[in-house]
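In case you want the letters, here they are:
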Amino acid sequence: MTDMLKIADLHVEAGGREILKGVDLTIKEGETAVLFGPNGSGKSTLLASIMGYSTMTVTQGTITFMGTDITELPVDERAKLGIGMMMQRPPNIFGVKLGDLIKASSDNGEAVIQEAQDFKMQNFIDREINVGFSGGEIKRSELLQLTAQRPEFILLDEPESGVDLENIDLIGQKVHDLLFREAENGKRHVSSLVITHTGQIMDYIDADCGYVMKKGHIVKSGRPDGILKDIRENGYGEEE
Amino acid sequence: MPDSQSVRQALEKKGAYGKDLDLDHYDVEAKETVEIDDLQKSDYKRYMENVGIVADEIGRSGTLMFIDNNPSHCSPKVQEGLEVMTTQQALKKYDGLKDHFWKAMDPTKDKYTAKTYLEDGNGYFVRVKSGYHIKYPLQTCMLLNTEKSTQNVHNIVIVEDNASLEMLTGCSTAHHTNDALHVGVSEIYVGDNSSLTFSMIHSWGKDTGVRPRTSTVVGKNSHYTNNYVILNPVGSLQSFPVATLGDDSSATYNTMCIAHENSDIDTGGMVNLNGRRSRAEIMSRSISMGGKMVARGRMVGNAPEAKGHLECRSIILKDGGTTLAIPELEAHIADVEMTHEAAVGKIARDQIEYIMSRGLSEDDAVSMIVKGFLSGGNINGLPAELQKELDEAIAKANVGD
Ligand SMILES: Nc1ncnc2c1ncn2[C@@H]1O[C@H](COP(=O)(O)OP(=O)(O)OP(=O)(O)O)[C@@H](O)[C@H]1O
Ligand SMILES: [Mg+2]
């Protein structure tokens, strides 16, 4: 399998301090990786750096996507290469309707809007993006947008957090559909990096490997359920 | 009415705001009358449609159009309850319009009102009789068609008690007119238990001077909405409509502007909260593309339990211009509640990047946010008709480069 994403010795600053302190991570085509780690360890920072958000300044290291060095590319060019992201806390976009963004982001947009009901989002198409959305609504909105976008590589920042028990199955199913898009005989070609605290989403994504981030470093990797079990039993280890 | 001597003296009186325009600069007289029978076949059609005036008049209660200083077309389609004619005709029919002619507006206010008074400016006269609710909007159109000339129009709108009307006014330059002056005096009277929505879309030349003068008197328990939109380049535009409210009445102002490079725009409005429990909301949204943009809002609380909110928001897309937000609240008694918000600056980077993360270019992301900002998501009280026109105008507006 070829490498989809290759991160080498990545150092990232935000708000004037170094958050990521030398991250190495490789994700292959069709591979789904889960990322664990205590609050504030730098998980969201890593995802935002891969997407290219300008609040994140790469001071050292490289991000390579499908053989292209994207470390300096603007966000839209990364999206066009096939990277898509569900943010933990997306901004309010005043005045812009969810449906309009979905239509503008993909020629598939109209069709996906027709499916909004499956995401319980049919009443949100004419609402301003994220403005007044509840936690669970934000997740469903992000998934609807990603469904229109059809990324090759998907960054999901805590897709299940704040989602009630009834909706977790909906979210899980939609995440599954994104990751298994155009899969053949269960063999995926879409790759992803998924942040989770509880591991609930793992019931839907058939994760291939897991990583633990602490204080801006990847400190552990292995089988995802093994890592989750270890965190459940032993926590993340010594506090600072 | 003031004697003509004092009005003549007022010809020297500069406007309270905005650049002072030299009236003598516009030395061509535009006297010609252009009669248009069929709007659809007229070669003025595209100028009208550009400012939201529909030539087929579907969904409209009629059309009144002026080209320069003379009426060109008048087609009232509602037989009952609505009167549409020129101001000159109304003066004859109603014996000088004693209660409405230069009653809401003082002709000595400034040189522009004085000039309109002295030139006997004609314009549209609209009256909704007591008890009538006019279903479809009435459209009026003012075209400036002669280079170096002045258009001096004087409009009078009367909505009597227990009545309602929506008006769409489109003003534009036509053909190659560019360096000319539009002065429009509008006196508006809204009775008790009534409502009027008065929406203007403007589109001018890059050197056109524009000085509308609007004053509205609102009775009891009525509502007045004033919408103003200008998205194209203009030379110098200054407008500051004033509304005075009676008991339990309310007013809403929505202003949407783009100040392009070399455009000088000074807009806003004022509401006198003179009635008990009167309410006002003044909203201004503007974009500076390197031009000069002044957004004013003024509210004066004169009566108990009066309430108001004022909001000026401005996005700056290009350096080189000036943006000035001036929200003013003035109260003369304790029992009022007035608030304001003003925000000026660039678009938040995280919003642009969020849209870019869906694959849109930075320019497209900015344009999407700007268009959304202008149409305001859900500005209260914007009539569906105007919203549609506005969406189209905004979609066409050039906010990228
Ligand atoms: N723009 C910024 N300015 C200052 N500090 C920042 C900025 N962005 C992130 N940080 C800090 O970097 C650290 C890592 O944040 P990050 O959001 O990546 O954590 P996380 O691992 O996703 O945590 P959580 O599990 O709580 O979501 C935190 O201490 C956070 O406050
Ligand atoms: Mg996080």
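Since the model is a prediction, treat every value here as computed from it, not as a measurement. (Residues numbered from 1 in each chain as written. Chains lettered and ligands numbered in written order. Predicted model: local features only at pLDDT ≥ 70, side-chain atom pairs only at ≥ 80, totals over all residues. Heavy atoms only, no water.)

## Describing empty space enclosed by the protein
A water-sized probe rolled over the atoms picks out the places where empty space is left. Residue and element names in this part refer to chain B. Keep this limit in mind: Method remark: on a 1 Å grid restricted to protein atoms, a set of points is classed as a cavity if a 1.4 Å probe fits but cannot get out and as a pocket if it is open with protein on both sides within 12 Å along at least five of seven lines; lining residues have an atom within 4 Å of a point. Grid points are joined across faces, edges and corners, and a volume is the space filled by probe spheres set on the points. Here a helix means four or more residues in a row that DSSP labels H or I, a strand means two or more in a row labelled E, and each is numbered from the N terminus.
Applying the stated criterion to the full structure yields 3 cavities of 30 Å³ or more. Taken as a whole, the largest cavity holds about 110 Å³ of empty space. As for the largest cavity, its lining consists of 13 residues, and the residues nearest its centre are Asn 155, Cys 171, His 182, Ser 186 and Met 200. If you list the elements that add at least two residues to the lining of the largest cavity, you get strand 7 (164-173), strand 8 (181-190), strand 9 (195-203) and strand 10 (209-218).

## A look at unusual backbone geometry
Quick note on the threshold: A simple rule labels every residue: compare its accessible area, found with a 1.4 Å probe on the protein chains alone, to the largest value its type can have, and call it buried under 20%, exposed over 50%, or partly exposed in between.
In the Ramachandran plot, Asn 130 of chain A falls in the positive-phi region, its phi being about 70 degrees despite a non-glycine side chain. Note on placement: Asn 130 of chain A falls in the loop between strand 8 (128-129) and helix 5 (135-149). Accessibility expressed as a relative area gives 2% for Asn 130 of chain A, which makes it buried. For Asn 221 of chain B, which is not glycine, the phi torsion reads 55 degrees and is therefore positive. Locating Asn 221 of chain B in the fold gives a position in the loop between strand 10 and strand 11 (223-230). The class for Asn 221 of chain B is partly exposed, based on a relative accessible area of 45%.

## Details of the interface of chain A and chain B
How large an interface is tends to be reported as the accessible area lost when its parts come together. We count it as follows: The contact criterion used throughout is that any non-hydrogen atoms of two residues lie within 4.5 Å. For this analysis, a salt bridge means a side-chain nitrogen from Lys or Arg found within 4 Å of a carboxyl oxygen belonging to Asp or Glu. In protein, a polar contact requires one atom able to donate a hydrogen and another able to accept it; more generally it is a pair of N or O atoms within 3.5 Å, and residues adjacent in sequence count only if both atoms are side-chain atoms. Note on residue categories: nonpolar means Ala, Val, Leu, Ile, Met, Phe, Trp, Tyr, Cys or Pro, charged means Asp, Glu, Lys or Arg, and polar means any other residue, Gly included.
Taken residue by residue, the interface counts 30 residues in chain A and 19 residues in chain B. Linking chain A with chain B are 1 salt bridge. Put simply, chain A and chain B have 9 residue pairs in polar contact (both at pLDDT 80 or more) between them. For the side of chain A that touches chain B, the secondary-structure elements that each account for two or more residues are helix 2 (75-81), strand 6 (83-86), strand 7 (93-97), helix 3 (98-105), strand 8 and helix 5 of chain A. Across the side of chain A that touches chain B, the residue classes break down as 17 nonpolar, 8 polar and 5 charged.

## Notes on the coordination of the magnesium ion (ligand 2)
Residues and elements named next belong to chain A. Note the threshold: Here the coordinating atoms are restricted to nitrogen, oxygen and sulfur within 2.8 Å of the metal centre, or 3.2 Å for Na, K and Ca, and because water is not among them the sites may look incomplete.
The protein atoms that coordinate the magnesium ion (ligand 2) are Ser 44 (OG) and Gln 88 (OE1), at distances of 2.0 to 2.2 Å. Placement of Ser 44 in helix 1 (residues 43-51) and of Gln 88 in the loop between strand 6 and strand 7 is noted, with a sequence separation of 44 residues between them. Under the relative-accessibility criterion, Gln 88 is labelled partly exposed at 28%.

## A word on the packing of aromatic side chains
Rules: Aromatic pairs are defined between Phe, Tyr and Trp rings, using the six-membered ring for Trp, whenever the two ring centres lie within 6.5 Å; interplanar angles under 30 degrees are classed as stacked, those over 60 as edge-to-face, and all others as tilted.
Across all of its chains, the model carries 7 aromatic pairs over all chains by this definition. Judged by centre distance (5.3 Å) and plane angle (85 degrees), the ring pair of Phe 124 of chain A and Phe 133 of chain A falls under edge-to-face. Judged by its relative accessible area of 8%, Phe 133 of chain A is buried. With centroids separated by 6.4 Å and ring planes inclined at 85 degrees, the aromatic side chains of Tyr 224 of chain B and Tyr 253 of chain B adopt a geometry described as edge-to-face. In this pair, Tyr 224 of chain B is assigned in strand 11 and Tyr 253 of chain B in strand 14 (residues 250-259), connecting sequence segments 29 residues apart.

## Examining the pairing of strand 10 (residues 191-195) of chain A
All names here are of chain A. Applicable threshold: Should DSSP find at least two bridges between two strands, the strands are taken to pair. When the strands point away from the viewer, a crossover counts as right-handed if the path from the first strand over the helix to the second runs clockwise.
Burial analysis of strand 10 places 5 of its 5 residues in the buried class, the great majority of the element. Every second residue of strand 10 is oriented toward a common face, with Ser 191, Leu 193 and Ile 195 on one face and Ser 192 and Val 194 on the other, all of them buried. By the bridge criterion, 5 bridges tie strand 9 (residues 153-157) to strand 10 in an arrangement that is parallel. Residue Asp 157 lies in a different strand from strand 10, and its bridge partner there is Ile 195. Handedness of the crossover is the feature at issue here: the chain leaves strand 9, passes through helix 6 (residues 165-179), returns alongside strand 10, and the resulting connection is right-handed.

## Describing the site of ligand 1
Residue and element names in this part refer to chain A. The criterion, for reference: Nearness here has a simple test: a residue counts as near a molecule or strand if at least one of its heavy atoms is within 4 Å of that partner. Note on areas: these come from Shrake-Rupley sampling with a 1.4 Å probe, and a residue is covered only by the protein chains present in the view.
Around ligand 1, a shell composed of 15 residues is seen, among which Ile 19, Gly 40, Lys 43, Ser 44 and Thr 45 lie nearest. One nitrogen or oxygen atom from the side chain of Asn 39 is found 3.0 Å from an oxygen atom belonging to ligand 1. The separation between an oxygen atom of ligand 1 and a polar main-chain atom of Ser 41 is 3.2 Å. Contact with the protein chains removes 68% of the 630 Å² of surface that ligand 1 exposes when unbound. Counting residues per element, the ones that place at least two in the shell around ligand 1 are strand 2 (17-28) and helix 1. Broken down by element, the residue count for the shell around ligand 1 peaks at 3 residues, all from helix 1. Here the residues of the shell around ligand 1 sort into 3 nonpolar, 9 polar and 3 charged.

## Quick notes on the pairing of strand 19 (residues 306-316) of chain B
Residue and element names in this part refer to chain B. Of all 11 residues in strand 19, 8 are buried, a share of seventy percent or more. Across 10 bridges, strand 17 (residues 279-288) lies against strand 19 in parallel orientation. Across the sheet, Arg 285 pairs through a bridge with Arg 313, a residue of strand 19. The pairing of strand 19 with strand 21 (residues 336-345) spans 10 bridges and is classified as parallel. If you follow Arg 313 over to strand 21, its bridge partner there is Ala 343.

## A short note on the layout of surface pockets
Roughly 500 Å³ of volume is contained in the largest pocket. Lining the largest pocket are 23 residues, and of these Ser 44, Thr 45, Gln 88, Arg 89 and Asp 157 of chain A lie nearest its centre. Secondary-structure elements contributing two or more residues to the lining of the largest pocket are helix 1 of chain A together with helix 5 (349-356) of chain B. Top contributing element to the lining of the largest pocket by residue count: helix 1 of chain A, with 4 residues. When its residues are assigned to classes, the lining of the largest pocket shows 6 nonpolar, 10 polar and 7 charged.

## A look at the domain arrangement of chain B
The line we're drawing: Domain start and stop points were drawn from an automatic or database domain assignment.
Each assigned domain of chain B is listed with its residue range as follows: domain 1 (4-347) and domain 2 (348-401). Distance from the C-alpha centre of domain 1 of chain B to the C-alpha centre of domain 2 of chain B: 25 Å.

## Examining the packing of helix 5 of chain A against helix 6 of chain A
All names here are of chain A. Definition in use: Angles run from 0 to 180 degrees between N-to-C directions of axes, and those axes are lines fitted to C-alpha atoms, restricted for helices to the stretch in contact. Between 65 and 115 degrees an angle is taken as roughly perpendicular, under 35 as roughly parallel, over 145 as roughly antiparallel, and anywhere else as oblique. In this scheme the crossing of two helices becomes right-handed for a clockwise turn of the near helix relative to the far one and left-handed for an anticlockwise turn of less than a right angle.
It is at 10 Å that the axes of helix 5 and helix 6 come closest, and there the two elements cross at 20 degrees. The angle between the axes of helix 5 and helix 6 places the two elements in the roughly parallel class. Relative to helix 6, helix 5 is oriented so that their crossing is left-handed. Across from Lys 139, Arg 140, Leu 143, Leu 146 and Thr 147 in helix 5, the residues of helix 6 making contact are Asn 167, Leu 170, Ile 171, Lys 174, Val 175 and Leu 178.

## Overview of a negative patch on the surface
All names here are of chain B. What counts, and what does not: The patch calculation keeps residues exceeding 30% relative accessible area without a salt bridge and links them within 9 Å when they carry like charges or within 5 Å when they are nonpolar (Val, Leu, Ile, Met, Phe, Trp, Tyr). The charged-residue count follows a simple rule in which Lys and Arg add positive charge and Asp and Glu add negative charge, with His and chain termini not counted at all. Think of each charge as sitting on NZ of Lys, CZ of Arg, CG of Asp or CD of Glu.
Together, Glu 12, Asp 22, Asp 24 and Asp 27 make up a region of like negative charge exposed at the surface. Tracing the sequence through the fold places Asp 27 in the loop between helix 1 (4-10) and helix 2 (45-50). Relative accessible area serves as the criterion here: at 61%, Asp 27 is assigned to the exposed category.

## Let's talk about helix 6 (residues 362-375) of chain B
Quick reminder of the rule: Here, expected helix span is obtained from the residue count minus one, scaled by 1.5 Å.
Helix length check: helix 6 of chain B (14 residues) gives 20 Å between terminal C-alpha atoms against 20 Å at 1.5 Å per residue, within 8%. Regarding helix 6 of chain B, the residues found buried are Ala 365, Val 366, Ser 367, Met 368, Ile 369, Val 370, Gly 372, Phe 373, Leu 374 and Ser 375 of chain B.

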